[in-house]
Amino acid sequence: MLTLPNILTLSRIITVPLLAAFLWWPEWRLGYGIAFAIYCLMGVTDYFDGYLARAQGTVSKLGVFLDPIADKIMVAAVLLILAGRGVITDLHLIPALVILMREIAVSGLREFLGGIQVSLPVSRLAKWKTTLQLLALGGLILAGALPDFLWLWQVALAAFWVSAALTLITGWDYLRVGLRHMDT
């Protein structure tokens, strides 16, 4: 069902390689500026796909399936490119690893619970975690476009670490709920 909200969600997935291409050269300030604009546009479409689906009453199974996948693909791609190109290094790889591990674990947990007809709704704290995580990654991208603004890099890294802490907390919360439905 290709409704406008689903098209917006699919556009985020299709745009990931373009975003990754502009992030490939960390020393290319203009590329990072363009990547930041693309990243922001992807964030806007993330907001509007859900808003439009609810407002138009066109929430679909395809949209419910694709939206979190689009988010995870975008976040994973940004983390991998920034780490692979040496933008995120040393101890700052820890939050990247925490974020990726949690996303994979929670996706697997949702898949398992879905198979036994148990829903795992998104918590309010998880929404805050996602928001802070997306802002932190956007800040890291923007810092690549504006390297003279050291404070931007520092704020983005601090937000990145806080989002990783929230990632651990929300991941643990989901795991506790999921464990109640597993055979021992």
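Counting restarts for each chain, with residues numbered from 1 along the sequence as it is written. Totals for whole chains, interfaces and linings use all residues, but because this is a predicted model, local features are given only for residues with pLDDT of at least 70 and pairs of side-chain atoms are given and counted only at 80 or more. For the side-chain quantities, the full set of heavy atoms in the structure was used; hydrogens and water were omitted.

**Structural notes on the environment of G139**
Now for step 1: Secondary structure elements follow DSSP: runs of H or I no shorter than four residues count as helices, runs of E no shorter than two count as strands, and numbering proceeds from the N terminus. Examined against the element boundaries, G139 turns out to sit in helix 5 (residues 124-145).
Now for step 2: Taking the C-alpha atoms as reference points, G139 and V106, separated by 33 residues in sequence, lie 25 Å from one another.
Now for step 3: Ignoring any residue separated from it by four or fewer positions in sequence, one finds G139 in contact with L152 and A156. It only takes one pair of heavy atoms within 4.5 Å for two residues to be counted as in contact.

**A word on unusual backbone geometry**
What you tend to see is this: most non-glycine residues have negative phi, and most peptide bonds are trans.
Now for step 1: In the Ramachandran plot, D90 falls in the positive-phi region, its phi being about 50 degrees despite a non-glycine side chain.
Now for step 2: Along the polypeptide, D90 turns up in the loop between helix 3 (61-84) and helix 4 (93-115).
Now for step 3: Although it is not a glycine, Q117 sits at a positive phi angle of roughly 65 degrees.
Now for step 4: Secondary-structure assignment places Q117 in the loop between helix 4 and helix 5.
Now for step 5: Each residue's exposure class comes from its accessible area (1.4 Å probe, protein chains only) as a fraction of the maximum for that residue type: buried when under 20%, exposed when over 50%, partly exposed otherwise. On the basis of relative accessibility, which here comes to 72%, the residue Q117 falls in the exposed class.

**Quick notes on helix 1 (residues 4-23)**
Helical geometry note: an α-helix holds 3.6 residues per turn, so side chains three or four residues apart project in the same direction.
Now for step 1: Helix span is expected to be 1.5 Å times the residue number reduced by one. The end-to-end C-alpha separation of helix 1 is 28 Å, in line with the 28 Å expected for 20 residues at 1.5 Å each.
Now for step 2: Maximum bend of helix 1: about 40 degrees, positioned at T15, with proline P17 one to four residues after it.
Now for step 3: What helix 1 keeps buried is the set P5, N6, L8, T9, R12, V16, L19, A20, F22 and L23. Bend, in this description, refers to the angle at a residue between axes fitted to the seven residues ending there and the seven starting there.

**Some thoughts on the packing of aromatic side chains**
Now for step 1: To pair, rings of Phe, Tyr and Trp, with the six-membered ring standing in for Trp, must have centres within 6.5 Å; the planes then decide the type, stacked if under 30 degrees apart, edge-to-face if over 60, and tilted in the middle. Enumeration over the complete set of coordinates arrives at six aromatic pairs.
Now for step 2: Taking the centre distance of 5.8 Å and the plane angle of 25 degrees together, the rings of F22 and W28 count as stacked.
Now for step 3: Of the residues examined, W28 reaches a relative accessible area of 33% and is grouped as partly exposed.
Now for step 4: Aromatic ring contacts, followed pair by pair, group F22, W25 and W28 into a single cluster.
Now for step 5: A ring has a charge above it when a Lys NZ or an Arg CZ is no more than 6 Å from the ring centre and no more than 35 degrees off the ring normal. Above the plane of the ring of Y174 lies R110, whose end atom (NZ or CZ) is 5.2 Å from the centre.

**A word on the nonpolar core**
Burial of nonpolar side chains together is a common tendency in soluble globular proteins.
Now for step 1: What is meant by a nonpolar core is a set of buried Ala, Val, Leu, Ile, Met, Phe, Trp, Tyr and Cys residues, joined one to another through side-chain atoms within 4.5 Å. Within the largest apolar cluster, 31 residues are counted, with the highest numbers of intra-cluster contacts made by L19, L23 and F160.
Now for step 2: Listing elements by their share of this core, those giving two or more residues are helix 1, helix 2 (29-56), helix 3, helix 4, helix 5 and helix 6 (150-179).
Now for step 3: Broken down by element, the residue count for this core peaks at seven residues, all from helix 3.
Now for step 4: The contact partners of F160, leaving out residues within four places of it in the chain, are L79, I88, H92, P95, A96, I99, A136, L137 and L140.
Now for step 5: The next biggest cluster of nonpolar side chains, apart from the first, holds seven residues, and it includes L109, L120, A126 and Y174.

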